[in-house]
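Below, each chain spelled out in residue letters.
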Amino acid sequence: MAVEELQSIIMRCQILEEHNFNKEDFGLFQLAGQRCIEEGHIDQLLEIIQEERNKIIIKSMGWNLVGPVVRCLLKNEEEDKRKNYFLTLDILVKLCNPKELLLGLLELIEEPSGKQIAQIILLLLQPLQTVIQKLPNNKAYSVGLALSTLWSQLSLLPVPYSKEQIQADDYGLCQCCKALIEFMKPFVEEVTDDKENKENEKLKDELLKFCFKSLKCPLLTAQFLEQSEEVENDPLRCFASEIIGFLSAIGHPFPKIILNHGRKKRTWDFLEFEEEEDRQLADSMASLAYLVFVQGISIDQLPMVFSPSYLLQLNMGHIEVFLQRTEESAFSKGLELLENGLLRLEDNNLLYQYLEIKNFLTVPLELVKIMTLCPIETLRKKGLAMLQLYIDKLDSQGKYTLFRCLLNTSNHSGVEAFVIQNIKNQIHLSFKVRAYPWDWLSIYLFTCGIYILINRIMASLNLLRYLIIKDNENDNQTGLWTELGKIENNFLKPLHIGLNMSKAHYEAEIKNSLGNSQVAPMCKDVCSLTVSGQEIPNMPPEMQLKVLNSALFTFDLIESVLARVEELIEIKTKSTSEENVR
């Protein structure tokens, strides 16, 4: 019945000119054709659309049949029927109005969800490519619309994480990435073959935007196979390599992109893309940096004249982007990119001036967050190792600055213990490498350790004083008096001894500095310190005295508070004893 209805409609339209077709004709043709497909009469429908005399009718109305044909293909019909469905789709793509077909195909791509997303993309990419190539004008707009639709659907698919997931490819993302490369190739070739065509400039911009979107999703969080023999079989790595290749082919090689990113000067010729870069492309740039520097994709294109510290500076912003995300794979990539940059440097060679650049301080703070908050043990350990490596690369003043920053911001006992241990290590090293330990570098590091702890010691003493004043021994509301013996033995007495020893030592150093001020110039050769081939001058005697006197003043301040605490303890305990006797 449906076939007869379709033939009747076609016979009526055969006597009409194309411009005389009306809405009723379109509606009746669509309903009859759809019923033919649903009732399984694909063979008869194929015969009708293949007839030469029906070509004009199919060209105007046939695009409405693409949707029903595609839905039948997705149902996995019998093999013989599938061949006819494919042949029908192929003929419709060749004959129908490309503008109408384009919109119809994109609507079909937007419809599915879950595992059907990949199925329909793989099914329609080739017809979509053919339709776009048939368009007489506005090809750049059509390519941009198609790529945007495809990317929106691909971004809904989960990115495979493990080797097993990549090989299984349950949601078809890897297959789609491979097919997308083939879809883009003719348009990339069109841009590279005819660079003088102004229309191709717009097409280039659309391709460029899609490349950067692909760097963000799926490549930002994608994991790559590690074994070298499996690299060529890694579909996501191959996709990344092709995307970077496309960037170079359309006139935006990655060295130019990476080196210009973040500068005030405009990087792109297309204003809309420049604005998009400012808002959205930090993730894409981070992904590109990881692919080049860690995965080594096309790294041979990068000039080899850059210093290790400059390359680290180049990547610190990208590292920060990775570490501020929440995905495990993003953390892992950020740590790998940081390690890659740090291993290029020699120990103690990263100048403290780099810490004046914002992300050189924010990155170690992000490492602290990973060390303390990340639920994955391997990442916590990796974060700790990277923070230690970062500290090792800084020069002495850089270490001092970073230590102060970490202790002022971490609020975590484990991090504080880690930093204090590093301070101890630095002092220990200064003893080893110097002829006498208490030169300006040792004082510098020791003062770093003392001053960092002063606020904590003073805060502890002030809190203890407050509790002693407010809480009587008989009431013991805070439990202070129960633990007083431990506090005295483990905190107050060691602090008293430490202060006495420190004061004696610093007073001796001041005496020596005043008495030997004339001898100091003779020790120049013994005390010299060289960093990066440059000799660092000794601290002037007046500066040494200033540092030493400042330390003595601080010790006196702590000692006065400590004495007041001990006095209050004595008064309170004595008062309680007298009350108990009464």
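Every chain is numbered on its own, with residues counted from 1 as its sequence reads. Residues qualify for local features only when their pLDDT is at least 70, as the model is predicted, and side-chain atom pairs are given and counted only at 80 or more; totals for whole chains, interfaces and linings, by contrast, use all residues. Excluded from the side-chain calculations are hydrogens and water; all other atoms, namely the structure's heavy atoms, are used.

### Section: the overall build of the protein chain
In terms of helices and strands, the protein chain carries 26 helices and two strands. Buried residues in the protein chain amount to 46% of all 582 residues. Helical segments are the DSSP runs of H or I of at least four residues, strand segments are the runs of E of at least two, and each set is numbered from the N terminus. Per-residue accessibility, obtained with a 1.4 Å probe over protein chains only, is compared with the maximum for each type, and a residue is labelled buried under 20%, exposed over 50%, and partly exposed between these values.

### Remarks on the packing of aromatic side chains
Any Phe, Tyr or Trp ring, taking Trp's six-membered ring, that has another such ring centre within 6.5 Å forms a pair; planes under 30 degrees apart are called stacked, those over 60 apart edge-to-face, and the others tilted. Scanning the model with the defined rule gives six aromatic pairs in all. Ring pairing ties together the aromatic residues Phe224, Tyr290 and Phe322, which thus form one cluster. Only when the NZ atom of a Lys or the CZ atom of an Arg is both within 6 Å of the ring centre and within 35 degrees of the ring normal do we say a charge sits over the ring. When the ring centre of Tyr171 is taken as origin, the NZ or CZ atom of Lys115, which lies over that ring, is 5.6 Å away.

### A closer look at the side chain of Ser287
By the element assignment, Ser287 lies in helix 16 (residues 282–293). The contact definition used throughout considers only heavy atoms, calling two residues in contact when any of these lie within 4.5 Å. Not counting the four nearest positions on each side in its chain, Ser287 is found in contact with Leu215, Leu219, Leu220 and Phe322.

### Re the confidence of the model for the protein chain
As a per-residue measure, pLDDT reflects the predictor's confidence and takes values from 0 up to 100. Mean pLDDT for the protein chain: 83, with 83% of residues reaching 70 or above. In the model, residues 434–449 has pLDDT below 50 throughout and makes 41 contacts with residues more than four positions away in sequence or in other chains. Considering only residues more than four positions removed or in separate chains, one finds that residues 520–527, a stretch of pLDDT under 50, has seven contacts.

### What about unusual backbone geometry?
Put simply, Cys217 and Pro218 share a cis peptide bond, and its omega is 15°. With respect to the helices and strands, Pro218 occurs in the loop between helix 12 (198–216) and helix 13 (235–249). Positive phi outside glycine occurs at Ser298, with the angle close to 60°. On the secondary structure map, Ser298 appears in the loop between helix 16 and helix 17 (308–323). Here the phi dihedral of Asn411 falls at roughly 55°; this positive angle occurs in a residue that is not glycine. In this structure Asn411 comes out as exposed when scored by relative accessible area, which is 70%.

### Comments concerning the packing of helix 5 (residues 66–74) against helix 6 (residues 79–95)
Axes are the key here: two packed helices are described by the angle between their axes and the distance separating the axes. With their axes 10 Å apart at the nearest point, helix 5 and helix 6 run at an angle of 150° to one another. Here helix 5 lies roughly antiparallel to helix 6, going by the angle between them. In the packing of helix 5 onto helix 6, the handedness of the crossing is left-handed. Contacts from Val66, Val69, Val70, Cys72 and Leu73 in helix 5 reach Arg82, Tyr85, Phe86, Thr88, Leu89 and Leu92 in helix 6. To obtain an axis, a line is fitted to C-alpha atoms, over the contacting stretch when the element is a helix, and the angle between two such axes runs from 0 to 180 degrees between their N-to-C directions. Throughout this description, any angle smaller than 35 degrees is read as roughly parallel, any larger than 145 degrees as roughly antiparallel, any in the 65 to 115 degree range as roughly perpendicular, and the remainder as oblique. In this scheme, a crossing is called left-handed if the near helix is turned counterclockwise away from the far one by less than a right angle; it is called right-handed if the turn is clockwise.

### A look at helix 9 (residues 139–154)
Taking 1.5 Å per residue, 16 residues should reach 22 Å; helix 9 reaches 22 Å between its end C-alpha atoms and fits that length. When you tally the buried positions in helix 9, you get 12 out of 16 residues, the bulk of the element. Turning to helix 9, its buried residues number three or more, namely Lys139, Ala140, Ser142, Val143, Gly144, Ala146, Leu147, Thr149, Leu150, Trp151, Gln153 and Leu154. Those residues of helix 9 that are buried lie in contact with helix 7 (98–110), helix 8 (116–134), helix 11 (173–193) and helix 12. Here, expected helix span is obtained from the residue count minus one, scaled by 1.5 Å.

### Things to note about the pattern of salt bridges
Salt bridges are defined by distance alone: a side-chain nitrogen of Lys or Arg within 4 Å of a carboxyl oxygen of Asp or Glu. Tallied over the entire structure, the rule returns 20 salt bridges. The partner of Lys55 in a salt bridge is Glu52, and the shortest N-O contact between them spans 3.1 Å. Taking the relative accessible area as the measure of exposure, Lys55 reaches 34% and is therefore partly exposed. Overall, Glu52 belongs to the exposed group, its relative accessible area being 57%. When salt bridges that share partners are traced, they join Lys216, Asp283, Arg325 and Glu327 into one network.

### Details of the nonpolar core
Residues Leu128, Phe183 and Leu207 are the most contacted members of the largest nonpolar core, which totals 144 residues. Looking at this core, the element that brings in the most residues is helix 11, giving 11 residues. When near neighbours in sequence (up to four residues on either side) are disregarded, Leu128 contacts Leu102, Leu105, Leu106, Ile109, Ala146, Leu150 and Phe183. Throughout, nonpolar core names a set of buried Ala, Val, Leu, Ile, Met, Phe, Trp, Tyr and Cys residues whose side chains join them through atoms within 4.5 Å. If you look at the next biggest cluster of nonpolar residues, it comprises 23 residues, including Met458, Trp481, Leu552 and Ile569.

### Topic: the environment of Leu208
Considering the arrangement of structural elements, one finds Leu208 in helix 12. Put simply, Leu208 and Val188 are 20 residues apart on the chain and 10.0 Å apart in space, counted from C-alpha to C-alpha.

### Some points on the environment of Ile109
Its location among the elements puts Ile109 in helix 7. Among residues more than four places away in sequence, those in contact with Ile109 are Ile120, Ile121, Leu124, Leu128, Thr149, Leu150 and Gln153.

### Examining the packing of helix 12 against helix 13
Between helix 12 and helix 13, the least distance of the axes is 10 Å, while the angle of their chain directions is 150°. Classified by the angle between their axes, helix 12 and helix 13 sit roughly antiparallel to one another. In terms of crossing hand, the pair formed by helix 12 and helix 13 is left-handed. Here Leu208, Cys211, Phe212, Ser214 and Leu215 of helix 12 lie close against helix 13, whose contacting residues are Phe239, Ile243, Phe246 and Leu247. A breakdown of the residues in the contact of helix 12 with helix 13 according to their chemical character gives eight nonpolar, one polar and no charged. Throughout, the ten residues Ala, Val, Leu, Ile, Met, Phe, Trp, Tyr, Cys and Pro are labelled nonpolar, Asp, Glu, Lys and Arg are labelled charged, and all others, Gly among them, are labelled polar.

### A look at helix 13
Across its 15 residues, helix 13 extends 21 Å between first and last C-alpha, which sits within 8% of the 21 Å expected from 1.5 Å per residue. The complete set of buried residues in helix 13 reads Leu236, Arg237, Phe239, Ala240, Ile243, Ile244, Phe246 and Leu247. Elements that come into contact with the buried residues of helix 13 comprise helix 11, helix 12, helix 14 (254–260) and helix 16. Whenever two N or O atoms come within 3.5 Å, that pair is a polar contact, provided that in protein one can donate a hydrogen and the other can accept it, and provided that, for residues adjacent in sequence, both atoms are side-chain atoms. In this structure Asp234 caps helix 13, since a side-chain oxygen of it lies 3.2 Å from the backbone nitrogen of Leu236.

### Considering the state of the cysteines
The disulfide criterion used throughout: a pair of cysteine sulfur atoms within 2.5 Å. Under the definition given, this model contains zero disulfides. Just so you know, Cys174 is unpaired, no disulfide at all, and the nearest cysteine sulfur is the one on Cys177, 6.4 Å from it.

### Details of the side chain of Asp283
Position of Asp283 among the secondary structure elements: in helix 16. Other than its neighbours up to four places away in sequence, Asp283 contacts Lys216, Leu220, Val321 and Arg325.

### Some thoughts on a negative patch on the surface
For patch detection, residues must exceed 30% relative accessible area and be free of salt bridges, and they are connected within 9 Å for like charges or within 5 Å for nonpolar side chains (Val, Leu, Ile, Met, Phe, Trp, Tyr). Only the protein chains shown count as cover for residues, and the accessible areas themselves come from Shrake-Rupley with a 1.4 Å probe. We score Asp and Glu as negative and Lys and Arg as positive, and we do not count His or the chain ends. Where a charge sits is defined by one atom per residue type, namely NZ (Lys), CZ (Arg), CG (Asp) or CD (Glu). Side chains of Asp43, Glu47, Glu78, Glu79 and Asp80 sit close together on the surface and give a patch of like negative charge. Counting only elements with at least two residues in the negative patch, the list comes to helix 3 (42–50) and helix 6. Judged by relative accessible area, which is 53%, Glu47 ranks as exposed.

### Description of the environment of Glu5
Looking at the secondary structure, you find Glu5 in helix 1 (residues 2–14). Here the alpha-carbon distance between Glu5 and Phe29, two residues 24 residues apart in the chain, equals 8.6 Å. Excluding its chain neighbours within four sequence positions, the residues that come into contact with Glu5 are Ala32 and Arg35.

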